[in-house]
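Results of the structural survey
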Amino acid sequence: MLVYLLVACDGLDEKQEKKLKRNLSDLQGALQAYVEENEAANAALMNECQSEECEDWVLGISQPVKKKAEMKPLVAFFNDLAKKYAVDCEVGSIEDDQRDPVSYFGKQEGQGDAFLIAAYLGL
C-alpha cells in the first residue's frame, strides 16, 4: 500500500499561514533528509509549494508500506515535525494518483499513534 503523510496546509488562519511560509525551507529540508535516509524504503518527497496560496500546497512524504511496524518511523518523524513547527499532519493512502485521507494529527489534533493509523489504513 502506498501511504502519504502531509503537512496540513489548508484551513489555516492567517497567523498559521505566515508561520508555515516562514518555516517552509526548514520543513522541506527536514523532509528531504528523511527521504534520503530512507531511500531503501522507497520514501519519496511530495513537494508542490509553488502557489502563493498555502491551501494549494502538497508537502510531505509518500512511501510503500506492508506492515503496521513500517508506519512507526514515519509517524514519529511527523510527530516531531508537528511539535517543532506547530503544524498538523494528514495521513492516508494513495491509489490511482488519488489521496484518501484517514487521519489527522499534530499541534491541534494531538500526537499521532502509528498502530492506530495503520489500523485505519487497513494494514
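Anything mentioned here points back to the structure above.
Summarised in this report is the structure supplied together with it. Treat the numbers as computed from the prediction; the structure is a model and nothing was measured.

Concerning the pairing of strand β4 (residues 88-95)
For a regular strand, the rule is simple: side chains alternate between the two faces of the sheet. Summarising burial for β4: 7 of the 8 residues are buried, a large majority. Taken together, the 6 bridges between strand β1 (residues 2-7) and β4 define a ladder with antiparallel strand orientation. Looking at β4, one finds that L2 is bridged to I94. By the bridge criterion, 8 bridges tie β4 to strand β5 (residues 98-106) in an arrangement that is antiparallel. Across the sheet, I94 pairs through a bridge with R99, a residue of β5. Linking β4 to β5, which pair antiparallel, is a turn of 2 residues; within it D96 sits at a positive phi near 55°.

With respect to the sheet that holds β5
Taken together, the 5 strands give an open sheet; going across it, the order is β2-β3-β1-β4-β5, and neighbouring strands pair in antiparallel fashion. A single partner strand is all that each edge strand has here, and the edge strands are β2 (44-48) and β5. Strand-to-strand twist in this sheet, taken as the mean axis angle between neighbours without regard to direction, amounts to 25°. Judged from the 5 bridges that link them, β1 and strand β3 (residues 58-64) form a sheet pairing that is antiparallel. Bridging across to β3, V3 finds its partner in Q63. Each of β1, β4 and β5 touches helix α3 (residues 114-121); the most contacted strand, β5, lies at about 155° to it.

Criteria and thresholds
- Residues numbered from 1 in each chain as written.
- Predicted model: local features only at pLDDT ≥ 70, side-chain atom pairs only at ≥ 80, totals over all residues.
- Heavy atoms only, no water.
- Buried < 20%, exposed > 50% of the residue type's maximum accessible area, 1.4 Å probe, protein only.
- Helix = DSSP H or I, 4+ residues; strand = E, 2+ residues; numbered from the N terminus.
- Pairing = 2+ DSSP bridges.
- Axes fitted to C-alpha atoms, helices over the stretch in contact; angles between N-to-C directions.
- Contact = heavy atoms within 4.5 Å.

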